[in-house]
Amino acid sequence: MAKIPRILLIYTGGTIGMVKDFKTGALRNFNFDKLLKHIPELHQLNCTIDSVSLENPIDSSNMNIGNWVIISEIIEDNYKKFDGFVVLHGSDTMSYTASAMSFMFENLSKPIIFTGSQLPIGDLRTDAKENLITSIEIASAQENGNPVISEVCLYFEYKLYRANRTTKVNAEHFEAFTSPNFPPIGESGVHLKFNKQLIHKSTLNKQLKVRKELNNNVVILKIFPGITKTVVKSILCSKGLKGVILETYGSGNAPTENWFIYLLEEALKKGIQIVNVTQCIGGGVIMGHYETSITLEKIGVISGNDITTESALAKLMYLLGENIEKNKFKTFFETSLRGEISVAE
Ligand code: ASP
């Protein structure tokens, strides 16, 4: 008889477990044990569920790399004991945390599913129950005794996405996330369907490595018409800066003014890594496609291709933390490490 999967539910905070403060009307975190009492249906699932909560659950606006390490350690410490992990997280920064986890867990062979909700679990019209129940079902899904999913995913409103391809696009709709450059890898309807060709192949025979040395001496610099030399200079000359995600226009285009290129060149000379990503919601960077990106390519700016800003930031922190040799950094970044960009793996 097949073994019943064991799932670990990790509560980090977010709307899913919040209640309304009757005095202020604002949403605040409440006791996680009560969260489970709101969903007796969980007992009907064909798995066993253990749960653990961050000591102080947080609104995900307060997430930082310290919390990422804590979450990764909870999973690492319980990796052998459980078959799958479901992380309950605020939706605001879920794509950042989930992208970071995808880089932090190398040779993952079990599912880590992030989910949350737009309405608290106690709310009459909540989206939390479906998101939570289906995430647990996904984390427990097995085929021939092996997990169907062996990567970091994000499940929200009937869609299962590769986590490092997602971005939050709506603060109102239940369909809060999208994966602009990679199709959903699963969908929940009458049946729970997986898009098997898109799912990452498990690395069962390789040893799990958890990479926790993240370097957050980075910045996202979103350019805009009228951006001043003073602003760009003060950002690129920030003390200790190691990496920049440069959010450019369209397919990677930026101002060609001399002062702008000069400041980028000076930063590159100092060893600061600069990654070009697009401000557009879909598509990616093709440096050299327009005259306004040729110079960026020439001076050694890294192409982020079709990576999301969230994933680019997480990848930058991860690779900087790994102390990759300066001359190999560009190649590493432009290579798909966890299926985060559309290039040959
Ligand atoms: N502010 C909340 C958070 O990100 C929103 C949510 O949970 O959806 O923690």
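One structure accompanies this document, and this report is about it. (Residues numbered from 1 in each chain as written. Predicted model: local features only at pLDDT ≥ 70, side-chain atom pairs only at ≥ 80, totals over all residues. Heavy atoms only, no water.)

**Some points on the nonpolar core**
Let me state the cut-off plainly: Buried Ala, Val, Leu, Ile, Met, Phe, Trp, Tyr and Cys residues that are joined via side-chain atoms within 4.5 Å together make up what is termed a nonpolar core. Relative accessible area decides the class of each residue, using a 1.4 Å probe on protein chains only: under 20% of the type maximum gives buried, over 50% gives exposed, and in between gives partly exposed. By definition, any uninterrupted DSSP run of H or I lasting at least four residues is a helix, any uninterrupted run of E lasting at least two residues is a strand, and each is numbered from the N terminus. Whether two residues are in contact is decided by their heavy atoms, any of which lying within 4.5 Å being enough.
Counting residues in hydrophobic clusters, the biggest one holds 53 residues, and the most contacted among them are Trp 68, Ile 75, Phe 105, Ile 112 and Phe 333. Sorting elements by how many residues they give to this core places helix H8 (residues 309-321) first, with eight residues. In contact with Phe 333, not counting residues within four places along its chain, are Val 275, Ile 302, Ser 303, Ile 307, Ala 312, Lys 315, Leu 316, Leu 319 and Ile 341. Of all hydrophobic cores here, the second largest spans 27 residues; its members include Val 86, Ile 121, Ala 141 and Ile 185.

**Concerning the sheet that holds strand S7 (residues 112-115)**
Here is the rule we go by: Strands are treated as partners if at least two bridges between them are detected by DSSP. All axes are obtained by fitting lines to C-alpha atoms, using only the stretch in contact for helices, and the reported angles, taken between N-to-C directions, cover 0 to 180 degrees.
What the eight strands build is an open sheet, ordered S4-S1-S5-S7-S10-S11-S14-S15; its pairing is mixed. Among the strands making up the open sheet, the edge pair consists of strand S4 (48-53) and strand S15 (192-194). This sheet shows a mean twist of 20° between the axes of neighbouring strands, independent of strand direction. Sheet strands in contact with helix H3 (residues 94-104) are S7 and strand S10 (152-156), and its direction is about 155° off that of S10. Against the sheet, helix H4 (residues 128-140) contacts strand S1 (6-11), S4, strand S5 (84-88), S7, S10, strand S11 (159-162), strand S14 (186-188) and S15, and its axis sits at roughly 160° relative to S5.

**A look at the environment of Val 52**
Mapped onto the secondary structure, Val 52 falls in strand S4. The exposure class of Val 52 is partly exposed, given its relative accessible area of 27%.

**Considerations on the pairing of S1**
Counting buried positions along S1 gives five out of six residues, so the element sits mostly inside the fold. Strand direction decides the pairing type here: S1 and S5, joined by five bridges, are parallel. Bridge pairing in S5 places Ile 7 opposite Gly 84.

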